[in-house]
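Residue-level listing of the chains:
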Amino acid sequence: MPDYRFYTGEYAGSLIPEGAFREYIQRAGDWLQWLEGCCTVVPYGPLSRKMALCALAETYYRHRRRQFCRQTQVGSVSVQYEKDTVPLQRQLLESARGYLEVYRGVG
C-alpha cells in the first residue's frame, strides 16, 4: 500500500490532504482487491499497482467532494461542483486502466 510520501513524490499527487489520505487509499485498496477477485489484473510495470492505488484514491476523493460540496463560497470567490454523469464504478475502472491491464470474461 503506498504511503503519503509515495503519493506526493513518485505519483506527484497533491489533491488529497495528508490527513485524509489513509481513508482514501484504504478505499482504493479495497476496490482494487475486489477487482482482482473478479478480473485478471496485470500491472504494466513494477510501480503500476501503487500508482493505480493513488489514482483510485484521487477518484474516490473527487467523487466525495462533488457529492457533498455542490457549491461553496469564500469571500468573492464561488465554486460550483457539477454532479458526475459517469458512474463511480466506471470512473474507478478508467483510473485503474491507466496503470493496469484489466481482463474479464473467459480466457
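Please refer to the structure higher up on the page.
Keep in mind the model is a prediction, meaning the values are calculated, not measured.

*Asks:* What is the right way to look at the pattern of salt bridges in this model?
*Replies:* Pairs may arise between side chains of opposite charge once their charged atoms sit close together. Inspection of every chain in the model, using the stated rule, returns four salt bridges. Between Arg64 and Glu23 there is a salt bridge, with its nearest N and O atoms 3.3 Å apart. Of this pair, Arg64 sits in helix 3 (residues 48–68) while Glu23 sits in helix 2 (residues 18–38), and the two are 41 residues apart along the sequence. On the basis of relative accessibility, which here comes to 28%, the residue Arg64 falls in the partly exposed class. A salt bridge links Glu58 to Arg62, with the shortest nitrogen-to-oxygen separation between them at 3.5 Å. Taken together, the residues span about one helical turn, with Glu58 and Arg62 both in helix 3 at a distance of four residues.

*Asks:* When you look at the state of the cysteines in this model, what are you seeing that I'm missing?
*Replies:* Covalent bonding between the sulfur atoms of two cysteines is what defines a disulfide. Inspection of the entire model under this criterion finds zero disulfides. Here Cys38 stays unpaired: no disulfide links it, and the sulfur of Cys39, its closest cysteine neighbor, is 3.7 Å away.

*Asks:* Can you walk me through the nonpolar core in this structure?
*Replies:* Where a protein is soluble and globular, its nonpolar side chains tend to be buried together. Grouped together as the largest cluster of nonpolar side chains are 29 residues, with contacts concentrated most on Tyr11, Ile16, Tyr24, Trp31, Leu35 and Leu56. Of all the secondary-structure elements, those providing two or more residues to this core are helix 1 (4–8), helix 2, helix 3, helix 4 (88–97) and strand 4 (100–103). By residue number, the principal contributor to this core is helix 3, which donates nine residues. Excluding residues that lie within four positions of it along the chain, Tyr24 makes contacts with Ile16, Ala57, Tyr60, Tyr61 and Arg64.

*Asks:* Is there a simple way to explain the packing of aromatic side chains in this structure?
*Replies:* We describe a pair of aromatic rings using the distance from one ring centre to the other and the angle between the two ring planes. For the structure shown, the criterion picks out seven aromatic pairs. Ring centres 5.3 Å apart and planes at 75 degrees place the aromatic pair Tyr4 and Phe21 in the edge-to-face group. With a gap of 17 residues between them, Tyr4 in helix 1 and Phe21 in helix 2 connect regions that are remote in the sequence. Consider the rings of Tyr24 and Tyr61, whose centres lie 5.2 Å apart with planes at 85 degrees: the pair is edge-to-face. Placement of the pair is Tyr24 in helix 2 and Tyr61 in helix 3, with a sequence separation of 37 residues. Among the residues examined, Tyr24 registers a relative accessible area of 5% and is labelled buried. Cluster of aromatic residues (ring-pair linked, three or more members): Tyr4, Tyr7, Tyr11, Phe21 and Tyr99.

*Asks:* How should I be thinking about the environment of Pro43 in this particular structure?
*Replies:* Relative to the elements of secondary structure, Pro43 occurs in strand 1 (residues 40–43). Look at Pro43 and you get partly exposed, because its relative accessible area is 42%. Sequence separation between Pro43 and Leu100 is 57 residues; the distance between their C-alpha atoms is 4.5 Å. Each residue touching Pro43, except ones within four places of it in the same chain, is listed here: Ser48, Arg49, Tyr99 and Leu100.

Reading the values: the criteria
Residues numbered from 1 in each chain as written. Predicted model: local features only at pLDDT ≥ 70, side-chain atom pairs only at ≥ 80, totals over all residues. Heavy atoms only, no water. Salt bridge = Lys/Arg side-chain N within 4 Å of Asp/Glu carboxyl O. Helix = DSSP H or I, 4+ residues; strand = E, 2+ residues; numbered from the N terminus. Buried < 20%, exposed > 50% of the residue type's maximum accessible area, 1.4 Å probe, protein only. Disulfide = S-S within 2.5 Å. Core = buried A, V, L, I, M, F, W, Y, C linked by side-chain atoms within 4.5 Å. Contact = heavy atoms within 4.5 Å. Phe/Tyr/Trp six-rings, centres within 6.5 Å; stacked < 30°, edge-to-face > 60°.

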